[in-house]
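This is what each chain is made of:
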Protein chains: 2
Amino acid sequence: MATPPYIDKVDVEARKKAIKAFREKFKELLAQLQRGDNPTLLLPKRTLSNTIYDEKRKLLLLGPEKLKRSFFHLHEAKKFMQTMLMARIIYEALVNNEYPTIRDLYYRGKHTIIFRDDRGRMVEENTWDEQKESDAVIRDIEVFTGMLREEMLILSKEKGKVVGNMRIRSGNDVIDLSKMGHGAWAIEPTPDLIEFLDVDAEFVLVVEKDAVFQQLHRIGFWRKYKAILVTSAGQPDRATRRFVRRLNEELKLPVYILTDADPYGWYIYSVFKIGSITLSYESERLATPNAKFLGVSMTDIYGDAERGKKPYLSEDERKRFIIKAKDADIKRAEELKSYKWFQTREWRKEIDIFLQKKTKLEIEALTGKGLKFLADVYLPTKLETGDFLD
Amino acid sequence: MATPPYIDKVDVEARKKAIKAFREKFKELLAQLQRGDNPTLLLPKRTLSNTIYDEKRKLLLLGPEKLKRSFFHLHEAKKFMQTMLMARIIYEALVNNEYPTIRDLYYRGKHTIIFRDDRGRMVEENTWDEQKESDAVIRDIEVFTGMLREEMLILSKEKGKVVGNMRIRSGNDVIDLSKMGHGAWAIEPTPDLIEFLDVDAEFVLVVEKDAVFQQLHRIGFWRKYKAILVTSAGQPDRATRRFVRRLNEELKLPVYILTDADPYGWYIYSVFKIGSITLSYESERLATPNAKFLGVSMTDIYGDAERGKKPYLSEDERKRFIIKAKDADIKRAEELKSYKWFQTREWRKEIDIFLQKKTKLEIEALTGKGLKFLADVYLPTKLETGDFLD
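The rules behind each value
- Residues numbered from 1 in each chain as written.
- Chains lettered and ligands numbered in written order.
- Predicted model: local features only at pLDDT ≥ 70, side-chain atom pairs only at ≥ 80, totals over all residues.
- Heavy atoms only, no water.
- Helix = DSSP H or I, 4+ residues; strand = E, 2+ residues; numbered from the N terminus.
- Buried < 20%, exposed > 50% of the residue type's maximum accessible area, 1.4 Å probe, protein only.
- Contact = heavy atoms within 4.5 Å.
- Axes fitted to C-alpha atoms, helices over the stretch in contact; angles between N-to-C directions.
- Nonpolar A, V, L, I, M, F, W, Y, C, P; charged D, E, K, R; others polar.
- Core = buried A, V, L, I, M, F, W, Y, C linked by side-chain atoms within 4.5 Å.
- Polar contact = N/O pair within 3.5 Å; in protein donor to acceptor, adjacent residues only side chain to side chain.
- Patch = residues over 30% accessible without salt bridge, like charges linked within 9 Å, V, L, I, M, F, W, Y side chains within 5 Å.
- Areas by Shrake-Rupley, 256 points an atom, 1.4 Å probe, with all protein chains shown as cover.
- Salt bridge = Lys/Arg side-chain N within 4 Å of Asp/Glu carboxyl O.
- Buried area = accessible area lost by both parts, 1.4 Å probe.
- Pairing = 2+ DSSP bridges.
- Phe/Tyr/Trp six-rings, centres within 6.5 Å; stacked < 30°, edge-to-face > 60°.
- 1 Å grid on protein atoms, 1.4 Å probe; cavity = no way out; pocket = protein on both sides within 12 Å on 5 of 7 lines; lining within 4 Å.
- Points joined across faces, edges and corners; volume = space filled by probe spheres on them.

Student: Which parts of the structure should I look at to understand the environment of K340 of chain A?
Tutor: All names here are of chain A. Structurally, the position occupied by K340 is in the loop between helix 12 (327-337) and helix 13 (345-357). Given the relative accessible area of 47%, K340 is considered partly exposed. Distance in space between the C-alpha atoms of K340 and K58 is 9.7 Å, their sequence separation being 282 residues. Not counting residues within four places of it along the chain, the set of residues in contact with K340 comprises Y53 and E55.

As structure tokens, this is what we get:
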């Protein structure tokens, strides 16, 4: 099939690679069929019990357990067929130069199968009812083929943005991330296809909040302090995580995360650094184990007598800016405390201060002291004195 | 005060203008004080009863009613002082080359005043407790000064993105919106400061969903059909609305809105076109009265016998793709039906079909039929045949 003129070369190559991987992986099934065997897929098990925290690499990884899915098996047949249906739809999209999303993959596969059951009754059964089901099948195909869905040219909504002294190639274009005016470059949904051309920066600052990103961008923080400035606009999506990981791994730039001082902020850091527990198979590609938590930390608020660290807020500012923690915050903090990567001395202290004081603080409380306080006092001091958590 | 090197010229000019407007407006108060009068602000009333739908201009506007706010008045003193406090903070931020957000304006002004009441008791009173309160004060300052908060260099989080055959100047940079690779330009928080340099496009397509924007972008829709492609990523923020309005007003580009076929989608269209009812004072600057609702419409789903229009979905596809409306959808539809701009013959039909069938449909159901169906059949047909609602 001729490639339409508006498809770019990078995508054509990505398609070829994905198509090849699909054919390789699924030809085992063909061999089974030719031998007259019961067609069976063997997939890595995506369960919590098969999720392992690799302390050395600081990554959540899938363990060695495998899952069998056979066609001729009462309990496995539906899942087997769902997997084959989804694989076919994704494969067809690849071949037809399509760019599906997980939502329309759900729609594409959704239909009703009418069949006669073992007692001779006509039965109607849906391929899937909820997107949850089709998403789980996509994940199975990811672990089965060893490819992320982005490599299959499956797109999704994206919130991440970036500016900084750096040039990249995306699609057919060369983009200068230092020439975005007051706006930013919205990170593409397939960040593995980005080519880093050159970079003149010393670190990556990832800001949880888009509004604070806008402020730091507008005041020229990244220019003055040689930073690549990224926002995840809340909980990071996969593309932002993969982009940040590549900045760290390939360009050797240290990565610092700036969030609100609360368990939700810590969790955002945790997702960047270690990955999400329920989707551990992504971690190997999306997580940035070297990422540091720059702040806002509890010792930024209250100081740390042990280290002789003074707080960044006065007594009066604390009174004005601090927010009372909710029960859900406390509960989440207790939960995070049990994660292995939060069991260092520093993190225990951080979480304990929170549990004792039962207070949280937004980054905006610091810009409430003046944007220049955040940009020219707080952030540079934290970076220079190495005052961050690992 | 010397301008730091990283502040751009456009911002310096914007600051000067805002500072001047503030001084002009507030010097009336100074005159009152010098005369020994009770300091009093006269503000346009931001109430529903003072909100008027201008049928000719198709805009929600503030009516002529004014509100008095005096310092020496038991019920007005607090509001008067809140307004003066916020005006001072914004003015100081302007003078100090700051870029506050509405969230940190809340923090900046938040403190406790201790005073002795008329019975001699010590009383503590907060300037404000919730951001709702400080936001309302910012709105009062907007209507009082006749400036949008963006013109006061107040920033906010932004979700809007754009690509297309167009060059703009933002800050000190010239940005080619056709050279964003697989990413996009994230619209800046102060879109009035954008300069349109040149454009080679025939219309603007605004897509509610970011994921569908990614798909249409990636398949080259805007190149092939000469569109400026915008996404609001859900409910549009102010910057996206202002940006779209400027594309329509200054570049004379027709604007088409593409949302899900449900009352939530209609509301997004309504906000783009008319403005938000509770914030009618913004409409004059942010709304695009010429915007059309391209789809997905109920007649796209079910056809329209009266016009001889065939549906875009087969019986079987309807069965697979349609979602049952929830009670909240029905309620919202009934509400929208009462809006004057939804009382055309076409919109009544649209809403009536919805209320009768009680079903909705996502845009992704169309990409479920293939992205090329959306990009090369549905959208071009709708545009060519003028099949949209006004």
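Student: Looking at this structure, how should I read the packing of helix 8 (residues 263-273) of chain B against helix 12 (residues 327-337) of chain B?
Tutor: Angle between the axes and distance between the axes: these two values describe a pair of packed helices. Residue and element names in this part refer to chain B. Running from amino to carboxyl end, helix 8 crosses helix 12 at an angle of 35°, the nearest separation of the two axes being 9 Å. In this structure, helix 8 uses P263, Y264, W266 and Y267 to contact helix 12, whose residues at the interface are D329, R332, A333 and L336. Among the residues forming the contact of helix 8 with helix 12, the class breakdown is 6 nonpolar, no polar and 2 charged.

Student: Help me out: how do you make sense of the nonpolar core in this one?
Tutor: For soluble globular proteins, the rule of thumb is that nonpolar side chains tend to be buried together. L205, L216 and W266 of chain A together with L205, L216 and W266 of chain B are the most contacted members of the largest nonpolar core, which has 222 residues in total. With residues near it in sequence (within four places) discarded, L205 of chain A still touches L216, F221, I228, L229, V230, Y256, L258, L294 and L379 of chain A.

Student: How should I be thinking about the side chain of E362 of chain B in this particular structure?
Tutor: Checked against the element boundaries, E362 of chain B lands in the loop between strand 17 (359-360) and helix 14 (363-368). Among the polar contacts listed, one links the side chain of E362 of chain B to the side chain of Y107 of chain A, at a separation of 2.6 Å. Filtering out sequence-adjacent residues up to four positions away, E362 of chain B remains in contact with R103 and Y107 of chain A together with K209, D260 and I323 of chain B.

Student: Looking at this structure, I do not really get a nonpolar patch on the surface. What am I missing?
Tutor: A cluster of nonpolar side chains, contributed by F71, F72, M81, I113 and F115 of chain A, occupies part of the molecular surface with about 460 Å² of accessible area. Tracing the chain through its elements places I113 of chain A in strand 5 (residues 112-116).

Student: What is the right way to look at the pattern of salt bridges in this model?
Tutor: Opposite charge on two side chains lets them pair, provided their charged atoms get close. In the structure shown here, the tally under the stated rule is 96 salt bridges over all chains. A salt bridge links E362 of chain A to R103 of chain B, with the nearest nitrogen and oxygen atoms 2.4 Å apart. With E362 of chain A in the loop between strand 17 (359-360) and helix 14 (363-368) and R103 of chain B in helix 3 (residues 102-109), the pair connects residues from two separate chains. For the residue pair E362 of chain A and R103 of chain B, the accessibility class agrees, reading buried in each case. For K337 of chain B, the salt bridge is made with D352 of chain B, and the minimal N-O distance between the two is 3.1 Å. Placement of K337 of chain B in helix 12 and of D352 of chain B in helix 13 (residues 345-357) is noted, with a sequence separation of 15 residues between them. Exposure remark for D352 of chain B: the relative accessible area of 35% places this residue in the partly exposed category.

Student: Would you mind showing me how to read the interface of chain A and chain B here?
Tutor: How big an interface is tends to be stated in terms of accessible area lost as the parts join. Contacts between the two partners involve 60 residues from chain A, matched on the other side by 60 residues from chain B. Summed over both partners, the interface of chain A with chain B buries about 5,200 Å², with 50% contributed by carbon and sulfur atoms. Here chain A is connected to chain B by 4 salt bridges. There are 44 residue pairs in polar contact (both at pLDDT 80 or more) connecting chain A and chain B. With 5 residues, helix 5 (residues 210-218) of chain A is the largest single contributor of residues to the side of chain A that touches chain B. A class-by-class count of the residues in the side of chain A that touches chain B yields 19 nonpolar, 19 polar and 22 charged. One ladder, built from 3 bridges, connects strand 10 (residues 184-186) of chain A with strand 10 (residues 184-186) of chain B; its direction is antiparallel.

Student: Please explain the packing of aromatic side chains as it appears in this structure.
Tutor: The geometry of two aromatic rings is summed up by the distance between their centres and the angle between their planes. Residue and element names in this part refer to chain A. All chains considered together, the criterion is met by 46 aromatic pairs over all chains. Ring plane angle 75° and centroid distance 6.2 Å describe the contact between F196 and F243, whose orientation is recorded as edge-to-face. Of this pair, F196 sits in strand 11 (residues 195-199) while F243 sits in helix 7 (residues 238-251), placing them 47 residues apart in sequence. For F196, a relative accessible area of 15% translates into the label buried.

Student: Help me understand the layout of surface pockets in this model?
Tutor: Any empty space left between the atoms is revealed when a probe the size of a water molecule rolls over them. Each pocket or cavity is described by its volume, and for the largest pocket that value is around 1,100 Å³. Along its surface, the largest pocket is lined by 41 residues, and S156, K157, E158, K159 and D237 of chain A are the ones closest to its centre. Those elements that place two or more of their residues in the lining of the largest pocket are helix 3 (102-109), helix 4 (131-145), helix 7 and helix 8 (263-273) of chain A together with helix 5 (210-218) of chain B. Top contributing element to the lining of the largest pocket by residue count: helix 4 of chain A, with 5 residues. Taken together, the residues of the lining of the largest pocket break down into 12 nonpolar, 6 polar and 23 charged. Together, 35 residues line the second largest pocket, and I102, R149, S156, K157 and D237 of chain B are the ones closest to its centre. Secondary-structure elements contributing two or more residues to the lining of the second largest pocket are helix 5 of chain A together with helix 3, helix 4 (131-145), helix 7 (238-251), helix 8 and helix 9 (280-286) of chain B. Taken together, the residues that form the lining of the second largest pocket break down as 12 nonpolar, 6 polar and 17 charged.

Coordinates in, geometry out; function isn't part of it.
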